Every structure is written in structure tokens, then in C-alpha cells.
Amino acid sequence: MAAEKHGEAQSAVMDENKEKKPEEGLGLEILQIIKDSQQQHGLRHGDYQRYRGYCSRRLRRLRKTLGFKMGNRHKFTGKKVTVEMLSDSRYLLLVLMEAERAWSYAMQLKQEANTEPRKRFHLLSRLRKAAKHGEELERLCESPRVDAKTKLEAQAYTSYLTGMLWFELQEWKAAMEAFNKCKTIYEKLASAFTEEQAVLYHQRVEEISPNIRYCAYNIGDQNAINDLMQMRLSAGGGGGMIAEKLEALITQTRAKQAATMSEVEWRGRTVPVKIDKVRIFLLGLADNEAAIAQAANEDTKERLYETLLSECRDSIQAVREEIKADSRERAMDMDTGKVSNLQYLHSYLTYLKLWTVVKRNESMAQALHAKLKEPQPDENKRGPRPQDLIRLYDIILQSLAELSVLQGLEEDHSFQKEVALKTLVYKAYRCFFIAQSYVLVKKWSEALVLYERVLKYAREVQSQSRNLKNSLKDLPDVQELISEVNAEKYSLQAAAILDTEDVCETPLQSQVKDGKPLCERLETFSIDASLVGKQPNLVQFPPEFQPIPCKPLFFDLALNHVAFPPLDDKVEQKGKGGLTGYIKGIFGFGS
């Protein structure tokens, strides 16, 4: 809540800055103020209650700032802004916020009136009050103190509110006059200013154009219905009060045309169409396809595809309910062996839905492919990648697989051949973008193999399309794909040859990881730039210690088992000599 109030204060300052200086005359950019306030306070999401609360708080702040109090807490005293008070443009803003509060309350009640019809009376009351405040604003702007631009904007704003009131009252002529006056004023204002300032006026003119056409149709202009359908298909119809009325009108018109439609023919079989919802869808099918072909941009085309798919799903659901209700139609005719008319109609509608899915995804793929070829201005921003297109072609192939098993078309060999041919085409494109994704991660061999597979699919398409040339009208051109693949192959081969950095990185990374010297990896070849440097890793130095055998120790184990000879005789001879022999030995007489 605090952030919201801070935003309201900022918007209030911006609105005051848009007011002109007093010496130039009082001025108020009415359309700019209300558009900014609506976008910032709920109407971007269709929350009219939030916008009404903002208008009430803004009114309270303006009254407090201007000292324009409506009595006190005990008693209410009504006061009106007069011409004599116009010393500040905020008095004009005060009346404008009162009109916006009443209008937003009316729009809130219109949303609630779908389930509570009694609120329509309150809705009309609020619209009358909004128109009354608009007239008061226009009367105040007639003062000479107000500049010419503000006077014109006030007249256009009052005409818009008056037209909305008459539109809701179904007074078509009066509503058309009011809307035309509003449109004329905004067109004149747009022509008097620069393109940037005129954008807002042109947007308002586009908003009220469907209302004018709808009023013209109700007055009696039968040509207006075609314009309304084109507006609805190209821009989603009018906003606000016209949207629901426009949808109801187009449905009613198609229902009148559907009364004359009784059957539909598909693949040589005529099937009666008795369900009104299916009739209305089939009548609008051509208009939807024409609008898709004429779509100005991809966003519009995508929205139209979604609208067509939604209507097709509703029609299929109606046929399913009819099949369940009638059990006899659900079974096959045993005499003819053909599926029932309702089941064949269900197959036809399913075919339309699946083929629409194929065309939608193909359109999205073509748009992404075009963006892939464009240079990306911002490198930090994620752009489209080939993986995004692979998913789209997966959905296409899945839809084609469901087409081939539609009930009642199993024996239609030409249909099966057409589906098989289309499957080959989209398989080739899917394979091409898979190869592109491998190129991004520099897997050259895988990408080259996939490019060869693309060429194989493309040649099969060309060989099988001789008898089915009509089936290739709605398919992408495979010859263009072949040319692109050939160009990509040459670029791929050149990139693989020139890309030597990655080849050198792998051995270096492995060498750093294990740290083996050259003498230990002589059996494997690797490019090692360190071998020609100042410190080549040839051998490990100093070498590691290795275990060696120590010097053996010998023990005399046999000494304990040796028997020595006796020496007794020699000991006795030494004993017999006595002292005489001893003396002879000393002097050498006995030697």
C-alpha cells in the first residue's frame, strides 16, 4: 500500500508538470493524464475497482491541497467548481477525476452485470453522472483563461462519455454522432502535433472505430459487418463495452448464414452438418485463414491462430457430445464398413485442428530462423537458439503422427502418402536444427553426420513428390534446405580444420593433471609445448629412492657339530722336560 501511494504521488507530480504556466493560459493534457493514470493503477489488467479507488484518493488529496472541502465530518455541503475559481489548473483536474471515478465505477458494474443483471440500472446511473461531469468540465474549459488545446480535449472527452452512455442505452444514432465528433477532434489534434504526441490520439481513434461501425450496422448499414469482422480478426475487436457486443454480433451473423449450410465435403465424401456450433465454425474458417494470411506481424498471427484453435476445440467437443448422446452413430455401419457421418465429421475437425497446429508452429519456426540469421545487438541478452526450433518441430511431427491414425482414413492411401511426405519434410528440418545445435558446441563429426541425414531426407522428399506435387504447396521448400546444408557443410569442414586450439588443449590438460615426464609416456603421442621450453619435463629429477638388497650375514652353524682330535700326547711331552728343558730353551742349547 505504501508503494502504491508513493506511485500515486509521483503520478500526481507528473500530471502537475503537464499543466501549462499561468501566463500561457490554464492547460491540462486530459487524454495523457487519464491514460497514464489508467495504465498505472489497474486498467492494464482490467481492474476497474482499483482504478476507482485511486480516483477517490486523488480527489481527496486535490480537495485538501486546494482547500476545496465539501463540509466537515459532521455535515456534507455540496460545492461546485465555478469559472471564477479557475486560478489553478488543478480545479480542472478535480472535475476530471470526478468524471473518471464515475466512469470506472460504471465499467466495474458492467463486469459484474454479467452475473447480476440488476446492476445494469446502477451502471446507467454512473454513466449519466460521468457524462454530467464531462459536460461540466467542457463548460469550465470555455473560459478565456483556458487554452485552445485543453478546450478541444475537453470537448472530445465529453463526446466520448456521452457516446458511451447512448451506446449502452442502444440509441445508435446519437451514439454514432457523439463518437464521430470525438473521432474528428482527436484526428485534428493528431494532425496539429508531432508524431510522438499524435500517437495517443491515434490510439483513441482506433479504440472508438469499432463502436462507430457497430452503431452503423445497427442503424442499417449492412456493409459495416464486414468491417467489424476484419477489425475483430486483425486487432482483436474493440475494447471495453464493444468487445462482447461485437462477438455476439459476429456469432449471430454467422448463425444466420449457417441456417443455409447443411453439409460439408472432404476427401470425396459429403457429410451432413447438423450442429449449429460446427456450422458457425466452418463458415468462419475461411475468414480466419484470410486474416492469418494478411496479418501484419507475428504477434497478430499468433493470436489469430490461438483464436482459430479455440473455436476448433469447441466444435470438436460439440461433436463428441453428440456422438455420446447417439450410441447408434458411434458404432460402424456393418453393411458398408465405413465410419459414421458424425465420426467422419469428428475426424475432419480433428484434421483442421492438427493442421492448424502444424502451420502455427511452422510460422513460429520461420520467425525464429530469421532471427537466428540476424546479428544479436546485445550479447548479454539471450537470443533464439537452434534448440528452440527443435521443440517446435517435435510438436509438428507429433501432430502429423496423430493425423496418420485418424479414424476413417486408414484406407485412404493418398492421404497416408501425403502425411508421410510431410513428415519427411519436417524431419529434415528438425534434423537440420539438431545439427546446428551440435555446431554451437563444436561437435564437428556429429554435426556432419546429421547434415548427411538431412540431405538423405530431402532427396527422399524429392523422389516421392513427383506424384504428389500438390502436397508440397503448403510445405517449406526442401531445395532451399539442400542449398543451405551444402553451404553449412563447407563451413563446418573449414571450422574443423582451423579449430586447432581445442586439439592442443586436451593433451596439455592431461599432462598437467598426471604430471608424467616424457620418459614414462613414450608410447602415446601428444603435443606438449613445454618440451621446447626452458624447463622440459623429460625425466624425474632427482629420481625416487628404490629398495635394494642389503649385505648378507653368515653364521657358523657347523662348529657345534665338529669333533676336534685329542692333544693329550702333546701336552705330556711338554710336561716331561721339567726345569732342565726350560733352561735349555732359554739359552738355545736344545734347538
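What you see is a predicted model; the values in this text were computed from it and never measured.

Enquirer: With reference to specific residues and values, describe the packing of helix α11 (residues 276-293) against helix α12 (residues 298-325).
Expert: To characterise two packed helices, one gives the angle between the axes of the helices and the distance between these axes. Contact pair α11 / α12: the axes reach a minimum separation of 10 Å and the direction vectors enclose 165°. Of the possible angle classes, the one that applies to α11 and α12 is roughly antiparallel. In the crossing of α11 with α12, the sense of the turn from one axis to the other is left-handed. Contacts between α11 and α12 involve K277, V278, F281, L285, N288, A291 and I292 on the former and, on the latter, K301, L304, Y305, L308, E311, C312, D314, S315, A318 and V319. Among the residues forming the contact of α11 with α12, the class breakdown is 11 nonpolar, 2 polar and 4 charged.

Enquirer: So what about the packing of helix α6 (residues 148-168) against helix α7 (residues 172-192)? Which residues, and what values?
Expert: Running from amino to carboxyl end, α6 crosses α7 at an angle of 155°, the nearest separation of the two axes being 8 Å. The angle between α6 and α7 falls in the class roughly antiparallel. Here α6 runs over α7; the crossing is left-handed. Looking at the contact of α6 with α7 residue by residue, the class counts come to 16 nonpolar, 4 polar and 3 charged.

Enquirer: Could you give me a rundown of a positive patch on the surface, with the residues and numbers involved?
Expert: A cluster of basic residues, K80, K129, K132 and R139, forms a positive patch on the protein surface. K80 gets classed as exposed once you look at its relative accessible area, which sits at 60%.

Enquirer: Give me the pattern of salt bridges: which residues, what numbers.
Expert: Evaluated as defined, the whole model comprises 14 salt bridges. Its salt-bridge partner being E306, residue R360 comes within 2.7 Å of it at the nearest N-O pair. Of the two residues, R360 sits in helix α14 (residues 341-373) while E306 sits in helix α12, which places them 54 residues apart along the sequence. The class of R360 is buried, set by a relative accessible area of 14%. K489 is paired through a salt bridge with E452; the nearest N and O atoms lie 2.6 Å apart. Separated by 37 residues along the polypeptide, K489 in helix α18 (residues 478-498) and E452 in helix α17 (residues 444-464) bring together distant segments of the chain. One network of salt bridges, in which partners are shared, links K35, R204 and E207.

Scoring rules and cut-offs
Residues numbered from 1 in each chain as written. Predicted model: local features only at pLDDT ≥ 70, side-chain atom pairs only at ≥ 80, totals over all residues. Heavy atoms only, no water. Axes fitted to C-alpha atoms, helices over the stretch in contact; angles between N-to-C directions. Helix = DSSP H or I, 4+ residues; strand = E, 2+ residues; numbered from the N terminus. Parallel < 35°, antiparallel > 145°, perpendicular 65-115°, else oblique. Left-handed = near helix turned anticlockwise from the far one by under 90°. Contact = heavy atoms within 4.5 Å. Nonpolar A, V, L, I, M, F, W, Y, C, P; charged D, E, K, R; others polar. Patch = residues over 30% accessible without salt bridge, like charges linked within 9 Å, V, L, I, M, F, W, Y side chains within 5 Å. Areas by Shrake-Rupley, 256 points an atom, 1.4 Å probe, with all protein chains shown as cover. Salt bridge = Lys/Arg side-chain N within 4 Å of Asp/Glu carboxyl O. Lys, Arg positive; Asp, Glu negative; His and termini not counted. Charge placed at Lys NZ, Arg CZ, Asp CG, Glu CD. Buried < 20%, exposed > 50% of the residue type's maximum accessible area, 1.4 Å probe, protein only.

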